[in-house]
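The lines below spell out each chain.
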Amino acid sequence: QVQVVESGGGLVQAGGSLRLSCVASGTISSINTMAWYRQAPGKQRDFVAGIGTSGRTDYVDSVKGRFTISRDNAKNTVYLQMNSLKPEDAAVYYCYTTVLVPPQNLEFQYWGQGTQVTVSS
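Remember, predicted model here, so these are calculated numbers, not experimental data.

Engineer: In this structure, what is going on with the side chain of Asp89? I would like to understand it.
Structural biologist: Among the secondary structure elements, Asp89 is positioned in the loop between β8 (77-82) and β9 (91-101). Engagement of the side chain of Asp89 in a polar contact is seen with the backbone nitrogen of Lys86, the distance being 2.8 Å. The residues touching Asp89, leaving out its near neighbours within four places in the chain, are Arg38, Arg66, Phe67, Ser84 and Val117.

Here's what the structure looks like:
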């Protein structure tokens, strides 16, 4: 079984910063993609940032230059450093990961439970 747990959300003023963390644990051979999505009330869940095993990153245009995704493979952890936060960044942020599970090393997708980010203007 694999668990994905986010942390680091909270309330911040516009222009402030937050750092989200997400840890994948359990029976894991390796982790492929790690990514962050967000969902605001009444809206669909949207991609924010992703990072592959090589460290290659991808961002939605609206966060480029403000958010940085990184990962620590030894800790099965992905981070999202969010700077210059805007009210429109407020949402529940979800961690997404694709994991190879032994013994057949089949790939499965997992989501965390989400962490709330609130940005006051």
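Engineer: Can you walk me through the layout of surface pockets in this structure?
Structural biologist: Rolled over the atoms, a probe as big as a water molecule pinpoints where empty space is left. Put simply, the largest pocket is a space of about 190 Å³. Forming the boundary of the largest pocket are Arg38, Ala40, Lys43, Gln44, Asp46, Phe47, Val48, Val60, Ser62, Glu88, Ala90 and Ala91. Among the elements that make up the lining of the largest pocket, the one with the highest residue count is strand β5 (residues 46-51) (three residues). Of the residues assigned to the lining of the largest pocket, the class counts are six nonpolar, two polar and four charged.

Engineer: Before we go on, may I ask you to explain the packing of aromatic side chains in this structure?
Structural biologist: How two aromatic rings sit relative to each other is set out by the distance from centre to centre and by the angle between their planes. All told, the structure shown has four aromatic pairs when counted by the stated rule. Here Tyr37 and Tyr96 contribute two aromatic rings whose centre-to-centre distance is 5.8 Å and whose plane-to-plane angle is 70 degrees, an arrangement assigned as edge-to-face. Within this pair, whereas Tyr37 is found in strand β4 (residues 30-39), its partner Tyr96 is found in strand β9, the two being separated by 59 residues in sequence. What links up through ring pairs into an aromatic cluster is the set Tyr37, Phe47, Tyr96 and Trp111. The cationic tip of Arg19 hangs over the ring face of Tyr79; the distance from NZ or CZ to the ring centre is 4.0 Å.

Engineer: What is the right way to look at unusual backbone geometry in this model?
Structural biologist: Trans peptide bonds make up most of the peptide bonds, and negative phi angles are found at most residues other than glycine. The linkage connecting Pro102 with the following residue, Pro103, adopts the cis geometry, with an omega of 5 degrees. Within the secondary structure, Pro103 is located in the loop between β9 and β10 (106-111). A positive phi angle, close to 50 degrees, is found at Ser84, a residue other than glycine. You can see Ser84 is positioned in the loop between β8 and β9.

Engineer: What exactly am I supposed to notice about the state of the cysteines here?
Structural biologist: As used here, a disulfide is simply a covalent bond connecting the sulfur atoms of two cysteines. The full count for this structure, using the stated rule, is one disulfide. Here Cys22 is linked by a disulfide to Cys95, with a sulfur-sulfur distance of 2.0 Å. Residues Cys22 and Cys95 are joined through a disulfide that is left-handed, its torsion about the S-S bond being -80 degrees. You can see Cys22 sitting in strand β3 (residues 18-26) and its partner Cys95 sitting in strand β9, a full 73 residues away along the chain. Side by side, Cys22 and Cys95 carry an identical accessibility label, which is buried.

Engineer: Mind showing me how you'd approach the pattern of salt bridges here?
Structural biologist: A side chain of one charge can pair with a side chain of the opposite charge if their charged atoms are brought near each other. Applying the stated criterion to the full structure yields three salt bridges. Of the charged contacts, one joins Asp89 and Arg38 as a salt bridge, the two residues approaching to 3.0 Å between their closest N and O atoms. Residue Asp89 is located in the loop between β8 and β9, and its partner Arg38 is located in strand β4; the two are separated by 51 residues in the primary sequence. Arg38 matches Asp89 in its accessibility class, with the two residues each being buried. Note that Arg66 and Asp89 form a salt bridge whose closest N and O atoms lie 2.7 Å from each other. Taken together, the positions of Arg66 in the loop between β6 (57-59) and β7 (67-72) and Asp89 in the loop between β8 and β9 put the pair 23 residues apart, joining distant regions of the chain. Classification of Arg66 as buried rests on a relative accessible area of 10%. When salt bridges with common partners are traced through the structure, they connect Arg38, Arg66 and Asp89 into a single cluster.

Rules and cut-offs
- Residues numbered from 1 in each chain as written.
- Predicted model: local features only at pLDDT ≥ 70, side-chain atom pairs only at ≥ 80, totals over all residues.
- Heavy atoms only, no water.
- Helix = DSSP H or I, 4+ residues; strand = E, 2+ residues; numbered from the N terminus.
- Polar contact = N/O pair within 3.5 Å; in protein donor to acceptor, adjacent residues only side chain to side chain.
- Contact = heavy atoms within 4.5 Å.
- 1 Å grid on protein atoms, 1.4 Å probe; cavity = no way out; pocket = protein on both sides within 12 Å on 5 of 7 lines; lining within 4 Å.
- Points joined across faces, edges and corners; volume = space filled by probe spheres on them.
- Nonpolar A, V, L, I, M, F, W, Y, C, P; charged D, E, K, R; others polar.
- Phe/Tyr/Trp six-rings, centres within 6.5 Å; stacked < 30°, edge-to-face > 60°.
- Lys NZ or Arg CZ within 6 Å of the ring centre and 35° of its normal.
- Disulfide = S-S within 2.5 Å.
- Buried < 20%, exposed > 50% of the residue type's maximum accessible area, 1.4 Å probe, protein only.
- Salt bridge = Lys/Arg side-chain N within 4 Å of Asp/Glu carboxyl O.

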